[in-house]
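Summary of the model geometry
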Amino acid sequence: MRASEGSLVGGHDYRAFDAESVKAYVTGVKDIAARLGTARAEEVKAREVGDGNLNLVFVVEGPGGAVVVKQALPYVRLVGDSWPLPLDRAFFEWNALERQAAVQPKRLPQLLRFDPVNALIVMEYLSPHVILRKELISGRRFKHLAEHLGVFLAETLFRSSDFHLPTARKKADMALFAGNVSMCAITENLVFTEPYFDAPLNRWTRPQLDGPALALRTDRAAKIGAQEMLYRFATKSEALLHGDLHTGSIMVTSTDTRIIDPEFAFYGPMGFDIGALIANLYLAYFAQEGYGDDPEERIHSGEWLLETAESLWSVFAESFARLWREERSGILYSRAVFEDLGDETGSTVGLHRFLKTVFDDAVGFAGAKMVRRLVGLAHVADMDAIADPDRRAGCEARALLMGRELLVNRTTFGDIYGLSCIARSIRRERNLT
Ligand code: SR1
Ligand code: MG
C-alpha cells in the first residue's frame, strides 16, 4: 500500500467493535481463528482494556491462544467525538511496526494482521508483560530496560537515517510518513504550543500549581525554547521516529521489553524519541515522593530511574557508534571521504559532533515533554495517581522546574550525568507552589 492509499483506511464499511462484536470478527479470520484455537465466537472471551487517549484495545482469548486487537476510533477517545481524528493513523502505525520489526523484531509484539477497512491491527497478546509506567509507579526496577531501549533506539533511528538507508528509499519513506499530518498536529499543538497560552483544554492541579503554570505564559525563555524545539520537530527529518515513546508505550517483564503503539510515527529528529523516554523517566523520578511511607525506598527507586536514563543514553551512543562503524552505507559521511583516505579520526569527530546535536535535542524535547504532561491536556498517571493534591502539586512543581530547565538550557549540559545532578538538586527544593 502506498502513501496515497492511507486514505483508504476506514470508509463506509468501518465499524467500531465492542467486546461482543470483536469475537465474531477475529474468529471469522482464518489465521487468527487458528491462533485462538477456534472459529466459533461463542468459544472466545474478549475484554476492552484500552487505557490510552485514542483507541480501543481488545484482548481476545480462545482455547488455544490469545491476540490483541487495536482499533482506531474516528475521534480522540480522551475528549470524545467533538474532536474528530482520521482513522489513517492505523495505516501509519502498521507501516512503522513493519519497519521496526524488520530491524528489532524481538522488541515488538508479533504482528498478525492489518485491516485497513476497520482501521485495526491484530497482534500477539504479550503475557506476562505489563505496562512499564504502572510498574514504575509501584517502585519496581528492570535490570535490562536501559540496554533494551538504548539498542532499540540506536537501531531503529540509525537504520532509517541517511547514514544507512539508500537515499531513494529514505525519500520514499519520508514521503509516505509525511501523510501522518493529524498525529503530528497533535504533538505540534499539545506539546509545543498549548502549555504556553490559555488553551481551553489545559489543566493542572489547581489552585496549588497556578503560580508556576500561569508563569509559563510570560516566560519568554521557555516560550522561545519550546518554539525552537517545535522548529526542530517540524523540519529535521533525520529518522523514522516512534513518535510517542513514553513509558505507557512499553511493556515489560523482568527479562523482556517490548515497544508498542507507534501511531505517531514520522520522519523527525532522533532526539525526539530519546527525549520522550528521558522525560518520562524524570516524571517518574519526581513522582516518587508522592508514594509510599518509606522515603528511603523511594530515594533508591528514584536513583534507579536516574541511572536508567544515564544508561539509556550511554547504550544508545555506544550502539550508534557501532552502527556508524559497521553499517554506514547511506549518503552521509561517505567512507570515500574518510576511512578510504585513512581519515578514521575525521569520521570519529563527525560521529561525536552528531551525537552532541542529538543529545542537545533530546534534552530540549525532554523538557518540552515534561512541561506538557504537567500543565497541558494529557497528563501521566505517575502524577495523577498521587491522591493528596498538595503532595501531588509539590511533585509536579519540581518536575515543572526540571522541564523548564531542560528546555531553556538544553545546550549547556555536558552529558547525561549533568542532568541527574540537576534532578537531584531540584528534588530537594521546597515551597515551589
Ligand atoms: C489527544 S492525544 C493526547 C496524547 O496522547 C498520546 O499518547 C500522545 O502523547 C498525545 O499527545
Ligand atoms: Mg499511544
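Residues numbered from 1 in each chain as written. Chains lettered and ligands numbered in written order. Predicted model: local features only at pLDDT ≥ 70, side-chain atom pairs only at ≥ 80, totals over all residues. Heavy atoms only, no water.

The helix and strand tally for the protein stands at 15 helices and 12 strands. For 433 residues, the compact-globule estimate of 2.2 N^0.38 gives 22 Å, and the protein sits close to it at 22 Å. Each principal axis of the C-alpha distribution contributes one length, and for the protein these read about 65 × 60 × 40 Å. Looking at the 433 residues of the protein, the share that counts as buried comes to 57%. Long-range contacts, defined here as pairs at least 24 residues apart, represent 75% of the contacts in the protein between residues at least 6 apart. Accessible area of the protein: about 17800 Å², with a carbon and sulfur share of 52%. Distance between charge centres in the protein, computed from 51 positive and 58 negative side chains, equals 0 Å. (Helix = DSSP H or I, 4+ residues; strand = E, 2+ residues; numbered from the N terminus. Rg over C-alpha atoms; globule rule 2.2 N^0.38 Å. Buried < 20%, exposed > 50% of the residue type's maximum accessible area, 1.4 Å probe, protein only. Contact = heavy atoms within 4.5 Å. Areas by Shrake-Rupley, 256 points an atom, 1.4 Å probe, with all protein chains shown as cover. Lys, Arg positive; Asp, Glu negative; His and termini not counted. Charge placed at Lys NZ, Arg CZ, Asp CG, Glu CD.)

This next bit is on empty space enclosed by the protein. Going through the model one piece at a time under the given rule, you end up with 1 cavity of 30 Å³ or more. Quantified by volume, the largest cavity comes out at close to 40 Å³. Forming the walls of the largest cavity are N55, K70, Q71, A72, R89, A90, E93, A119, I121 and E263. Listed by contribution, the elements that provide at least two residues to the lining of the largest cavity are β3 (66–72) and α3 (89–103). Residues that form the lining of the largest cavity fall into these classes: 4 nonpolar, 2 polar and 4 charged. (1 Å grid on protein atoms, 1.4 Å probe; cavity = no way out; pocket = protein on both sides within 12 Å on 5 of 7 lines; lining within 4 Å. Points joined across faces, edges and corners; volume = space filled by probe spheres on them. Nonpolar A, V, L, I, M, F, W, Y, C, P; charged D, E, K, R; others polar.)

One can find L400 in helix α14 (residues 389–408). Through-space distance from the C-alpha of L400 to that of L209 is 9.7 Å; in sequence the pair is 191 residues apart. Excluding its chain neighbours within four sequence positions, the residues that come into contact with L400 are P212, A213, L216, V371, L374 and V375.

Core analysis: the biggest nonpolar cluster contains 129 residues, and V60, Y282, F316, F320 and M383 have the highest contact counts within it. Of the domains in this structure, domain 1 (3–124) and domain 2 (130–427) are the two that each give at least three residues to this core. In contact with Y282, not counting residues within four places along its chain, are L306, A309, M370, M402, L406, I416, L419 and S420. (Core = buried A, V, L, I, M, F, W, Y, C linked by side-chain atoms within 4.5 Å. Domains from an automatic or database assignment.)

Domain boundaries in the protein define domain 1 (3–124) and domain 2 (130–427). Roughly 2500 Å² of surface becomes buried between domain 1 and domain 2 when both sides are summed, with 64% attributable to carbon and sulfur atoms. When the shortest N-O distance is used, the salt bridge between K70 and D261 registers 2.7 Å. Where domain 1 meets domain 2, there are 11 residue pairs in polar contact (both at pLDDT 80 or more). The element best represented in the side of domain 1 that touches domain 2 is α3, accounting for 10 residues. (Buried area = accessible area lost by both parts, 1.4 Å probe. Salt bridge = Lys/Arg side-chain N within 4 Å of Asp/Glu carboxyl O. Polar contact = N/O pair within 3.5 Å; in protein donor to acceptor, adjacent residues only side chain to side chain.)

This part takes up the sheet that holds strand β10 (residues 250–252). Taken together, the 3 strands give an open sheet; going across it, the order is β8-β10-β11, and neighbouring strands pair in antiparallel fashion. With one partner strand each, in any of the chains shown, β8 (130–131) and β11 (257–259) form the two edges of the open sheet. The pairing of β8 with β10 spans 2 bridges and is classified as antiparallel. Bridge pairing in β10 places V130 opposite V252. Packing of helix α5 (residues 145–158) onto the sheet brings it into contact with β10 and β11, and relative to β11 it is tilted by some 35°. (Pairing = 2+ DSSP bridges. Axes fitted to C-alpha atoms, helices over the stretch in contact; angles between N-to-C directions.)

On to the pattern of salt bridges. Evaluated as defined, the whole model comprises 36 salt bridges. For D162, the salt bridge goes to K170, with nearest N and O atoms at 3.0 Å. Of the two residues examined, D162 and K170, each falls in the buried class. With a closest N to O distance of 3.8 Å, R217 and D198 form a salt bridge. With a gap of 19 residues between them, R217 in the loop between α8 (210–215) and α9 (220–235) and D198 in the loop between α7 (181–190) and α8 connect regions that are remote in the sequence.

The volume enclosed by the second largest pocket comes to roughly 260 Å³. Lining the second largest pocket are 16 residues, with R99, V103, R159, S160 and R169 positioned closest to its centre. For the lining of the second largest pocket, the elements supplying multiple residues, two or more each, are α3, α6 (167–177) and β9 (239–241). With 4 residues, α3 is the largest single contributor of residues to the lining of the second largest pocket. Residue classes in the lining of the second largest pocket are distributed as 7 nonpolar, 5 polar and 4 charged.

The next point concerns the packing of helix α10 (residues 270–287) against helix α15 (residues 416–427). Where α10 meets α15, the closest approach of the two axes is 11 Å, and the angle between their N-to-C directions is 25°. In this view, α10 runs roughly parallel relative to α15, as classed from their interaxial angle. For the element pair α10 and α15, the recorded crossing hand is right-handed. The residues of α15 that touch α10, namely those facing I278, Y282, Y285 and F286, are I416, L419, S420, A423, R424, I426 and R427. Each residue belonging to the contact of α10 with α15 can be placed in one class, and the counts come to 8 nonpolar, 1 polar and 2 charged. (Parallel < 35°, antiparallel > 145°, perpendicular 65-115°, else oblique. Left-handed = near helix turned anticlockwise from the far one by under 90°.)

With that settled, the discussion passes to the sheet that holds strand β1 (residues 45–48). Taken in spatial order, the 5 strands of this open sheet run β1-β2-β3-β7-β6, and their pairing is antiparallel. Since the sheet does not close on itself, it has two edges, and those belong to β1 and β6 (111–115), each with one partner. With direction set aside, neighbouring strand axes in the sheet form an average angle of 20°. Inspection of the sheet shows strand β2 (residues 55–61) paired to β3 by 7 bridges, in the antiparallel sense. Within the sheet, the bridge partner assigned to L56 lies in β3 and is Q71. Packed on one face of the sheet, α3 meets β2, β3, β6 and β7 (120–124) and runs near 155° to β6.

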